[in-house]
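Survey of secondary and tertiary structure
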Amino acid sequence: MVVRIFSGTRVVHVDDITVKLASLKEQIEQLLHHPYLREHLPAPAIDEDRLLLSLSMLDGASTAPSEAERCIIAMMLMQIALDTHDEVTDDGGDLRARQLVVLAGDLYSGLYYELLARSGEMALIRSFAEAVRDINEQKVRLYEKKVERIESLFAAVGTIESALLVKLADRMAAPQWGQFAYSYLLMRRLLLEQEAFIRTGASVLFEQMAQIAFPRAKTLTKEQKRHLLRFCRRYIDGCREALFAAKLPVNGLLQLRVAELSGGFQAIAKKTVEEG
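What counts, and where the lines are drawn
- Residues numbered from 1 in each chain as written.
- Predicted model: local features only at pLDDT ≥ 70, side-chain atom pairs only at ≥ 80, totals over all residues.
- Heavy atoms only, no water.
- Helix = DSSP H or I, 4+ residues; strand = E, 2+ residues; numbered from the N terminus.
- Buried < 20%, exposed > 50% of the residue type's maximum accessible area, 1.4 Å probe, protein only.
- Contact = heavy atoms within 4.5 Å.
- Areas by Shrake-Rupley, 256 points an atom, 1.4 Å probe, with all protein chains shown as cover.
- Core = buried A, V, L, I, M, F, W, Y, C linked by side-chain atoms within 4.5 Å.
- Phe/Tyr/Trp six-rings, centres within 6.5 Å; stacked < 30°, edge-to-face > 60°.
- Disulfide = S-S within 2.5 Å.
- Axes fitted to C-alpha atoms, helices over the stretch in contact; angles between N-to-C directions.
- Parallel < 35°, antiparallel > 145°, perpendicular 65-115°, else oblique.
- Left-handed = near helix turned anticlockwise from the far one by under 90°.
- Nonpolar A, V, L, I, M, F, W, Y, C, P; charged D, E, K, R; others polar.
- Polar contact = N/O pair within 3.5 Å; in protein donor to acceptor, adjacent residues only side chain to side chain.
- Salt bridge = Lys/Arg side-chain N within 4 Å of Asp/Glu carboxyl O.

Before going further, it helps to spend a moment on the overall build of the protein chain. When its secondary structure is counted, the protein chain shows 11 helices and zero strands. From first element to last, N terminus to C terminus, the protein chain shows the α and β order α-α-α-α-α-α-α-α-α-α-α. Taken across its 276 residues, the protein chain has 45% of its residues classed as buried. In the protein chain, once contacts between residues fewer than 6 apart in sequence are set aside, the share between residues at least 24 apart is 73%. Put simply, the protein chain shows about 14,200 Å² of open surface, and 53% of that area lies on carbon and sulfur atoms.

Spelled out as structure tokens, the structure:
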């Protein structure tokens, strides 16, 4: 199957990238499998969008395929470790369950380190460590509600979503892919948050937006809600335009995924207008 959406891109068969995606996902699943943890915890989710973005960086990269795939797997393991640790809460629930989640996150982080250390990728370990530091710093800013401008709020979310992929892009000598990943993952997150806000009225991101834009409001008016949605849509639109303006060899599957996200943007925007 061949798809051409972006001008100036090389045509890549969707089937080819799908096979590579499935192969990498299987390798990661095998590394993550631990009988005891699987008995008590669900298997961690593997973000196929991040995998697809990572694989897309390989097209035309000077790095050997086996070396690049090792770096991708390590990056995914660290991302899964971060996501797993984010599941730990202080809500007074089952202590043993929380301890197992922490243990699982530590295990995935250890797997990441072992994989890169055995291959001598010490520079990449340091680079990913910088990304993790940046991610955690932004998470703390959001948790402590220290962000004073909505633009800074979105920038923090973009860093949290994409910092590891940006470092991977630097490792592949393809920094332009890092910016593409930033726009893609920020747009995806904003779409999810916007959809939640429209459908349920609840969204962690929109709550922080409201506190910044309307600090004295106890309950948002319809016009205030529309204001937040318009602001978010402008950022989504900006991310979308950045993706379509990118001069990169985007493969067919990623083109389809970007088009799918863009369709989601248009559908939500239409729904908002209808309900407004």
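Still more to cover.
Before going further, it helps to examine the nonpolar core. Side chains that are nonpolar tend, in soluble globular proteins, to be buried together. Membership of the largest hydrophobic core comes to 84 residues, with the highest contact counts inside it found for I28, L164, L168, W177, F180, M209 and L254. Broken down by element, the residue count for this core peaks at 12 residues, all from helix α4 (residues 65-86). W177 has contacts with S56, M57, A169, L248, P249, V250 and L254, leaving out every residue within four places of it along the chain.

Of note, K145 is a non-glycine position whose phi angle comes to about 55°, a positive value. Mapping K145 onto the fold places it in the loop between α6 (122-143) and α7 (150-171).

Here the structure, examined in full by the defined rule, presents six aromatic pairs. Ring geometry for W177 against F180: centres 5.2 Å apart, planes inclined by 65°, an arrangement best described as edge-to-face. Placement of both W177 and F180 in helix α8 (residues 175-200) is noted, with a separation of three residues, approximately one turn of the helix. Note on accessibility: W177 and F180 belong to one class, buried. Within the aromatic cluster, the residues linked to one another by ring pairs are F154, F231 and Y235.

Turning next to the state of the cysteines. In the structure shown here, the tally under the stated rule is zero disulfides. Considering cysteine sulfurs only, C232 is the nearest to C239, which forms no disulfide, with 9.2 Å between them. On the basis of relative accessibility, which here comes to 7%, the residue C239 falls in the buried class.

For the rest of this paragraph, the subject is the packing of α7 against helix α10 (residues 222-245). Taken N-terminus to C-terminus, the directions of α7 and α10 make an angle of 50°; their axes are 12 Å apart at the nearest point. Relative to α10, the element α7 is oriented oblique. For α7 against α10, the interelement crossing comes out right-handed. From α7, I150, E151 and F154 reach across to α10, where they touch L228, F231, C232 and Y235. Tallied by class, residues from the contact of α7 with α10 come to six nonpolar, no polar and one charged.

Another point: helix α3 (residues 48-58). Of all the 11 residues making up α3, nine are buried; the element is thus mostly covered by neighbouring parts of the structure. Where α3 begins, the side chain of D47 points an oxygen toward the backbone nitrogen of D49, at a separation of 3.0 Å.

Its place among the elements puts R188 in helix α8. The exposure class assigned to R188 is buried, which follows from its relative accessible area of 14%. With residues near it in sequence (within four places) discarded, R188 still touches D47, D49, R50, E161, R257 and L261.

Now for the pattern of salt bridges. Considering all chains together, one arrives at 21 salt bridges under this definition. Between K146 and E144 there is a salt bridge, with the nearest N and O atoms lying 2.8 Å from each other. Judged by its relative accessible area of 42%, E144 falls in the partly exposed class. In this structure, R240 and D237 form a salt bridge, with 3.7 Å as the shortest nitrogen-oxygen distance. Placement of the pair is R240 and D237 together in helix α10, with a separation of three residues, close to one helical turn. Its relative accessible area of 26% is what places D237 among the partly exposed residues. It is possible to trace a salt-bridge network through shared partners that takes in D47, D49, R50, E161, R188, R189, E193, R257 and E260.

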